[in-house]
Amino acid sequence: MAAYWLARSRITDPIEYKKYTDLVPGIMARHGGKVLARGGKYQIMEGPEDFHRFVVIEFPTHAQAVACFESAEYEAAAAFRRAGAGVVENVIVEGGEFTV
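Everything numeric here is computed off the predicted structure, so don't read it as measured data. (Residues numbered from 1 in each chain as written. Predicted model: local features only at pLDDT ≥ 70, side-chain atom pairs only at ≥ 80, totals over all residues. Heavy atoms only, no water.)

Looking at this structure, I do not really get the overall build of the protein chain. What am I missing?
What the protein chain contains, in helices and strands, is three helices and four strands. Tracing the protein chain from N to C terminus, the helices and strands come up as β-α-β-β-α-α-β. For 100 residues, the compact-globule formula gives about 13 Å, and the C-alpha radius of gyration of the protein chain, at 14 Å, lands near that figure. Taken over the C-alpha atoms alone, the protein chain extends approximately 40 × 35 × 20 Å along its principal axes. Counting only residues that meet the buried cut, the protein chain has 27% of its 100 residues in that class. Sequence-distant contacts, at least 24 apart, represent 77% of the contacts inside the protein chain between residues at least 6 apart. (Helix = DSSP H or I, 4+ residues; strand = E, 2+ residues; numbered from the N terminus. Rg over C-alpha atoms; globule rule 2.2 N^0.38 Å. Buried < 20%, exposed > 50% of the residue type's maximum accessible area, 1.4 Å probe, protein only. Contact = heavy atoms within 4.5 Å.)

Here's what the structure looks like:
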């Protein structure tokens with residue numbers, strides 16, 4: 001079952017953040033990820049306006065999405081933004097309808 005990597009970000013240093021975003025698409029693709037949305041037009045319908053960049057990436061499985069996030073190559077790329085270039089919230093969610 002497909003899984004989705006959802007990211008919300010606030011960029012504080014665009015030059016350093018770009019070093020991260022230049023690397024990520026290739027890393028995602030090597031793990032089976034397909035970018036569905038990356039930084040396009042958005043409208044916050046409800047909730048705080050803490051973030052201004054939104055990304056949705058589809059992976060074939062939840063395990064592949066987690067493996068990508070935990071990979072050494074992603075960790076190396078993420079180091080650019082984690083060093084102060086931006087604030088990101090990442091969530092990986094399995095697709096389908098699961099209700100309690």
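Next comes the rest of the description.
Would you mind showing me how to read the sheet that holds strand E1 (residues 3–11) here?
Strand-to-strand pairing in sheets goes through backbone hydrogen bonds, with the strands running parallel or antiparallel. Read across the open sheet, the four strands follow the order E2-E3-E1-E4; overall the sheet is antiparallel. Each edge of the open sheet carries a strand with a single partner, namely strand E2 (34–38) and strand E4 (86–94). Each strand of the sheet is rotated relative to its neighbour by a mean of 15°, with strand direction disregarded. In terms of strand pairing, E1 meets strand E3 (residues 53–59) through seven bridges, oriented antiparallel. (Pairing = 2+ DSSP bridges. Axes fitted to C-alpha atoms, helices over the stretch in contact; angles between N-to-C directions.)

In this structure, what is going on with the pattern of salt bridges? I would like to understand it.
Two side chains that carry opposite charge are able to pair once their charged atoms sit near each other. What the rule picks out here adds up to five salt bridges. With a closest N to O distance of 2.7 Å, Arg 8 and Glu 89 form a salt bridge. Taken as a pair, Arg 8 in strand E1 and Glu 89 in strand E4 lie far apart in primary sequence, 81 residues in all. Relative accessible area serves as the criterion here: at 30%, Arg 8 is assigned to the partly exposed category. A salt bridge links Arg 82 to Glu 75; its shortest N-O distance comes to 2.8 Å. We classify Glu 75 as partly exposed; its relative accessible area is 35%. (Salt bridge = Lys/Arg side-chain N within 4 Å of Asp/Glu carboxyl O.)

Got a minute to help me understand the pairing of E3 in this structure?
Looking along a regular strand, one sees side chains alternate from face to face of the sheet. Alternating positions in E3 separate cleanly, Arg 53, Val 55, Ile 57 and Phe 59 being buried on one face and Phe 54, Val 56 and Glu 58 remaining unburied on the opposite face. Here four bridges tie E2 to E3, and the two strands are oriented antiparallel to one another. Directly across from Arg 38, in E3, lies its bridge partner Val 55.

By themselves, these figures tell us nothing about what the structure is for.
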